[in-house]
Amino acid sequence: MIPRLVVAAPSSGAGKTTVATGLIAALAARGLKVSPHKVGPDYIDPGYHALAAGRPGRNLDAWMSGPERIAPLFAHGAAGADVAVVEGVMGLYDGAAGRGELASTAQVAKLLRAPVVLVVDASSQSRSVAALVHGFASWDPQVRLAGVVLNKVASDRHETLLREALEEGAGVPVLGAVRRAGAVDTPSRHLGLVPAVERSAEALRAVREMGELVGRSVDLDAVLALARTAPPLTDAPWSAAAEVGALDGPRPRIALAGGAAFSFSYAENAELLAAAGAEVVPFDPLHDERLPERTAALVIGGGFPEVYVSELSANAALRAAVADLAAAGAPVVGECAGLLYLGRELDGLPMCGVLDTAARMTPRLTLGYREAVALADSPLAAAGSRVRGHEFHRTATDPAAGPSPAWGWRTPAGPHTEGHLHGSVHASYLHLHWSGAPALPSRLVRHAAAWSREREREQGR
């Protein structure tokens, strides 16, 4: 039995990240163990959730992981918690384009059998708020919209008008009202909020302010009582070990990029690598001048290398170490930021030079879910493997795909190829949640172990 609720909104920009993060922080300040979750593929909000809760923020994405894994993944992440807060994505009923409710906050709320708290931007309305909430509450009878938090409320008089309207016409209780002047500092840039890992003390202060704001504006006792109305989940918790088969023999060491420039990663990906038999060792390309000793494979995920391009380029020793490892045939996987780092240059500055492609910032946002197929064998995926992933970037590479592309998918304009396969290197813009494709981390670990054994034989000659 895990008390839980979903924080949703009619649309993006209503303030659900502030309210959700504030709820997590305020409940944690009461001494509760709070499990934070985020609907969708976003990496940044879970970073703030993690600061507020003191435990990893985890994603629940029905497109990438599959609807059947949502409740098990939730149960895995929420193990040992007193209460769970799930922040939604976009508007409550918005999901994968053209796929109905798939990957929407509403679908996740139904899969979790969790009550929904709707955060409403009340800044430009009064009585109309009742019609808005009534519409969202009645749209899908299987979604239990059980409370409202009014955001950007101008005054006591404004709050009174909003509450009266909702009591009269919506039948949904108001759990709190957040004043317009109570906004906290959460700076943004080209892909949304600045990640918490980049802000250090400022991020901690912002999370504390969110917690204080929500703590004085929202009835936390009512929120907890609502969360406790969620019925028991019957799904067994997700298990990385059950998804992959562990290796026999020595554990190959897989280096996992992190730090401010490569902060995008799903906790389950590392858990799957470890369950498949790897020793996962983090490193920071901004500061470490060498790879971890005995590295047998390298995973460089997403992030913001364009923000740190000068520092990454200046670390020539690590760039050379990455290039040497790839040249020696060790498996190397790059996702989005990893692709840019493995290329020849980024915004005119030298990168690792593993791939013959140059990257640059562009004004165009590339965003969306993708259903892709592996076009050839690689250490990550067997040819013909099908995956569901997500693209989110404002950069472009030239060429966009190498002579041997990593993935292919269909678009309205026809077939599309993307990414680069080069020797033992697999790099592309596609972000993947490996819980939806556990054969990938298992394959990567096997290739790393095989390379490590061959390396030891060569050195023993």
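Calculation criteria
Residues numbered from 1 in each chain as written. Predicted model: local features only at pLDDT ≥ 70, side-chain atom pairs only at ≥ 80, totals over all residues. Heavy atoms only, no water. Helix = DSSP H or I, 4+ residues; strand = E, 2+ residues; numbered from the N terminus. Expected span 1.5 Å × (residues − 1). Buried < 20%, exposed > 50% of the residue type's maximum accessible area, 1.4 Å probe, protein only. Arc of directions from axis to C-beta. Pairing = 2+ DSSP bridges. Axes fitted to C-alpha atoms, helices over the stretch in contact; angles between N-to-C directions. Contact = heavy atoms within 4.5 Å. Polar contact = N/O pair within 3.5 Å; in protein donor to acceptor, adjacent residues only side chain to side chain. Salt bridge = Lys/Arg side-chain N within 4 Å of Asp/Glu carboxyl O. Disulfide = S-S within 2.5 Å. Parallel < 35°, antiparallel > 145°, perpendicular 65-115°, else oblique. Nonpolar A, V, L, I, M, F, W, Y, C, P; charged D, E, K, R; others polar.

### A short note on helix H9 (residues 201–217)
Logical step 1: In a regular helix each residue adds 1.5 Å, so 17 residues correspond to 24 Å; H9 covers 24 Å between its end C-alpha atoms and thus fits that length.
Logical step 2: Every buried residue belonging to H9 is among Ala203, Ala206, Val207, Met210, Gly211, Leu213, Val214 and Ser217, and all of these are buried. The arc that holds every buried residue of H9, seen down its axis, measures 165 degrees, which confines them to one face.

### As for the sheet that holds strand E20 (residues 420–422)
Logical step 1: Read across the sheet, six strands follow the order E11-E10-E12-E13-E21-E20 without closing on themselves; strand pairing throughout is mixed. Both edges of this open sheet fall to strand E11 (279–283) and E20, since each of them pairs with a single strand only. On average, adjacent strands in this sheet sit at an angle of 15 degrees to one another, irrespective of strand direction.
Logical step 2: Where strand E12 (residues 295–300) lies against strand E13 (residues 332–335), three bridges are found, and the strand directions are parallel. If you follow Ile300 over to E13, its bridge partner there is Gly334.
Logical step 3: Along the sheet, helix H14 (residues 316–327) makes contact with E11, E12, E13 and strand E21 (425–428), crossing E12 at roughly 115 degrees.
Logical step 4: Here helix H16 (residues 439–460) sits on the sheet in contact with strand E10 (253–257), E12 and E13, set at roughly 145 degrees to E12.

### Thoughts on the side chain of Thr295
Logical step 1: Mapped onto the elements, Thr295 comes out in strand E12.
Logical step 2: A polar contact of 2.6 Å, which involves the side chain of Thr295, links it to the backbone oxygen of Pro292.
Logical step 3: Filtering out sequence-adjacent residues up to four positions away, Thr295 remains in contact with Arg253, Ala255, Leu325 and Trp451.

### Description of the pairing of E21
For a regular strand, the rule is simple: side chains alternate between the two faces of the sheet.
Logical step 1: Side chains Val425 and Ala427 of E21 all project onto a buried face; the interleaved residues His426 and Ser428 project onto the opposite face, where all are buried too.
Logical step 2: Note that E13 and E21 share four bridges and pair parallel. In the sheet register, Glu335 faces E21, and the bridge partner there is Ser428.
Logical step 3: Note that E20 and E21 share three bridges and pair antiparallel.

### Examining the pattern of salt bridges
Oppositely charged side chains can pair when the atoms bearing their charge come close.
Logical step 1: All chains considered together, the criterion is met by 21 salt bridges.
Logical step 2: The salt bridge involving Arg163 is made with Glu159; its shortest N-O contact spans 2.8 Å. Highlighted residues: Arg163 and Glu159, both in helix H7 (residues 156–169), separated by four residues, approximately one helical turn.
Logical step 3: Taken together, the shared-partner salt bridges connect Asp156, Glu159, Arg163 and Arg179 into one network.

### Observations concerning the sheet that holds strand E4 (residues 83–87)
Logical step 1: Read across the open sheet, the seven strands follow the order E3-E2-E4-E1-E5-E6-E7; overall the sheet is parallel. Looking along the sheet, the strands with just one partner apiece sit at the ends: strand E3 (58–60) and strand E7 (174–179). Across the sheet, the axes of successive neighbouring strands diverge by a mean angle of 25 degrees, strand direction being ignored.
Logical step 2: Summarising the sheet, strand E2 (residues 34–39) and E3 pair through three bridges and their orientation is parallel. Paired with His37 across the strands is Arg58, a residue of E3.
Logical step 3: Most of the contacts of helix H2 (residues 44–53) go to E2, to which it runs at about 175 degrees, and overall it touches E2, E3 and E4.

### Focus on the environment of Val89
Logical step 1: Mapping Val89 onto the fold places it in the loop between E4 and helix H5 (105–112).
Logical step 2: Judged by its relative accessible area of 15%, Val89 is buried.
Logical step 3: Spatially, the C-alpha atoms of Val89 and Ala103 are 9.0 Å apart, while their sequence positions differ by 14 residues.
Logical step 4: Contact partners of Val89, with chain neighbours within four places excluded, come to Lys16, Lys38, Val39, Ala103 and Thr105.

### Let's talk about the state of the cysteines
Logical step 1: Tallied over the full model, the rule gives zero disulfides.
Logical step 2: For the unlinked cysteine Cys336, the closest cysteine sulfur is that of Cys352, found at 15 Å.

### Notes on the packing of H2 against H9
Logical step 1: Direction vectors running N to C along H2 and H9 enclose 75 degrees, while the axes themselves pass 10 Å from each other. Taken together, the axes of H2 and H9 lie roughly perpendicular to each other. Along the contact surface, H2 presents Tyr48, Leu51 and Ala52, while H9 presents Ala203, Leu204 and Val207.
Logical step 2: Grouping the constituent residues of the contact of H2 with H9 by class yields six nonpolar, no polar and no charged.

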